[in-house]
Amino acid sequence: MRYLKFYKPYGVLTQFTDQAGRPTLKSFIPVPRVYPVGRLDRDSEGLLLLTDDGRLNARLIDPKFGHERIYWVQVEGIPTPQALQQLQQGLIIQGRKTRPAQVKVLAEEPTLPPRDPPIRFRRSIPTTWLELTLQEGRNRQVRRMTAAVGIPTLRLVRVGLGPLSLAGLAPGQWQDLSEVELAQLRQYCFSQTIRVISS
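Numbering of residues starts from 1 in every chain and runs along the sequence as written. Where local features are concerned, this predicted model is filtered to residues with pLDDT of at least 70; where side-chain atom pairs are given and counted, the filter is 80 or more; whole-chain, interface and lining totals use all residues. The side-chain values count all of the structure's non-hydrogen atoms but skip hydrogen atoms and water molecules.

Here we take up the overall build of the protein chain. A run of DSSP states H or I qualifies as a helix once it reaches four residues; a run of E qualifies as a strand once it reaches two. Both are numbered from the N-terminal end. In terms of regular secondary structure, the protein chain is built from 4 helices and 11 strands. It is over C-alpha atoms that the radius of gyration is taken, and the globule rule equals 2.2 Å times the number of residues to the power 0.38. For the protein chain, the C-alpha radius of gyration of 17 Å lies close to 16 Å, the compact-globule estimate for 199 residues. Taking the principal axes of the C-alpha coordinates as reference, the protein chain spans close to 50 × 40 × 30 Å. By definition in these notes, contact holds between two residues if any of their heavy atoms fall within 4.5 Å. Restricting the contact set of the protein chain to residue pairs at least 6 apart, pairs at least 24 apart contribute 73%. Note on areas: Shrake-Rupley with a 1.4 Å probe; residue coverage comes only from the protein chains shown. Surface exposure of the protein chain reaches about 10,900 Å², of which carbon and sulfur atoms provide 50%. Within this scheme the basic residues Lys and Arg register as positive and the acidic residues Asp and Glu register as negative, but His and the chain ends are omitted. Positions of charges follow a simple convention, taking NZ of Lys, CZ of Arg, CG of Asp or CD of Glu. For the protein chain, the centre of its 28 positive side-chain charges and the centre of its 17 negative side-chain charges are spaced 6 Å apart.

Attention shifts here to unusual backbone geometry. Cis rather than trans, the peptide bond between aspartate 116 and proline 117 has omega equal to 0°. Mapping proline 117 onto the fold places it in the loop between strand 7 (102-105) and strand 8 (127-134). Non-glycine residue arginine 33 carries a positive phi angle of around 60°. By the secondary structure assignment, arginine 33 is in the loop between strand 1 (3-8) and strand 2 (35-36). Classification of arginine 33 as exposed rests on a relative accessible area of 63%. Working definition: with a 1.4 Å probe on protein chains only, accessible area under 20% of the residue-type maximum means buried, over 50% means exposed, and in between means partly exposed.

Moving on: the side chain of threonine 24. With respect to the helices, strands and loops of the structure, threonine 24 is situated in the loop between strand 1 and strand 2. We classify threonine 24 as buried; its relative accessible area is 6%. The definition of a polar contact used here is a pair of N or O atoms within 3.5 Å, where within protein one atom must be able to donate a hydrogen and the other to accept one, and adjacent residues in sequence count solely through side-chain atom pairs. At 3.3 Å, the side chain of threonine 24 forms a polar contact with the backbone oxygen of phenylalanine 16. Not counting residues within four places of it along the chain, the set of residues in contact with threonine 24 comprises Val12, Leu13, Gln15, Phe16, Thr17 and Asp18.

As a further point, take the packing of aromatic side chains. Aromatic pairing here means that ring centres of Phe, Tyr or Trp (its six-membered ring) are within 6.5 Å. Orientation follows from the plane angle: under 30 degrees is stacked, over 60 is edge-to-face, and everything else is tilted. Applying the stated criterion across every chain, the model contains 1 aromatic pair. Centre to centre, the rings of phenylalanine 6 and phenylalanine 28 are 5.5 Å apart; their planes meet at 45°, and the pair counts as tilted. Of this pair, phenylalanine 6 sits in strand 1 while phenylalanine 28 sits in the loop between strand 1 and strand 2, placing them 22 residues apart in sequence. In this scheme, Lys NZ or Arg CZ marks a charge over a ring once it lies within 6 Å of the ring centre and within 35 degrees of the ring normal. The ring of phenylalanine 190 is capped by arginine 55, whose NZ or CZ atom sits 4.1 Å from the centre of that ring. A cation over an aromatic ring shows up here: arginine 115 above the ring of tyrosine 10, its NZ or CZ 3.8 Å from the ring centre.

Attention now moves to the pattern of salt bridges. Think of a salt bridge as a Lys or Arg side-chain nitrogen and an Asp or Glu carboxyl oxygen that are within 4 Å of each other. Following the criterion strictly, the structure yields 9 salt bridges and no others. Ionic pairing is found between glutamate 45 and arginine 155, a salt bridge with its closest N-O pair at 2.8 Å. Residue glutamate 45 is located in strand 3 (residues 45-51), and its partner arginine 155 is located in strand 9 (residues 153-161); the two are separated by 110 residues in the primary sequence. Looking at arginine 155, the relative accessible area reads 7%, which means it is buried. Of the charged contacts, one joins glutamate 136 and arginine 138 as a salt bridge, the two residues approaching to 3.9 Å between their closest N and O atoms. Its relative accessible area of 6% is what places glutamate 136 among the buried residues.

So, about the pairing of strand 9. The buried fraction of strand 9 is high, at 9 of 9 residues. Between any two strands, at least two bridges found by DSSP are needed for them to pair. Note: strand 3 against strand 9, 2 bridges, orientation parallel. Across the sheet, the residue bridging to glycine 46 is arginine 158, located in strand 9. Inspection of the sheet shows strand 4 (residues 69-76) paired to strand 9 by 7 bridges, in the antiparallel sense. If you follow glutamine 74 over to strand 9, its bridge partner there is arginine 155. In this structure, the hairpin formed by strand 9 and strand 10 (residues 164-165) is closed by a connection of 2 residues, where glycine 162 is found at a positive phi of approximately 60°.

Attention shifts here to the nonpolar core. In this text, buried Ala, Val, Leu, Ile, Met, Phe, Trp, Tyr and Cys residues form a nonpolar core when linked through side-chain atoms within 4.5 Å. If you look at the biggest cluster of nonpolar residues, it comprises 20 residues, and the most contacted ones within it are Leu49, Leu56, Leu60, Leu177 and Leu185. Mapped by element, the contributors of at least two residues to this core are strand 1, strand 3, helix 1 (54-61), strand 9 and helix 4 (179-190). Not counting residues within four places of it along the chain, the set of residues in contact with leucine 56 comprises Tyr3, Leu49, Leu185, Arg186, Cys189 and Phe190. If you look at the next biggest cluster of nonpolar residues, it comprises 19 residues, including Val73, Val75, Leu132 and Leu134.

Take a look at the structure:
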């Protein structure tokens, strides 16, 4: 079986074909019969896991297991304490409440490759970087959450998925998981002590 991690660039679809001719994973990953675990929106960047291990894939995307997804999020404006509290406690998005999240304001802009195209810069409006850890992966969830509390997302980079991180990768690069990474991932997914989240 194959287990790959990939740094998805901005503007790339999380699929291997597109009738409209937009950039897809096929442009970067020549490995046959591996499939992405979950999705990253076209306008999001960062860590994507691909595998042909259907059991592990199913375990990671099943929301009842609450696997962590870690994002660095550049938002427009400066979040109020109330906004941060709402993100942490959960809020109603498309008729359903999000699960509690971990939210941290980053003291400095994280070290990331420049985005192509770059974020639109507006001198009159400050931006803030947050680290947001979710235990679910609903459609455009981070963007919907930050918009709901008045701090729209400008840039979104997934930097962690369970025990995996972007370390060692540049945008567009992929590599097989190391033996250590794979052991950590299997332990994370299949440990008998893993916490199951009730719906």
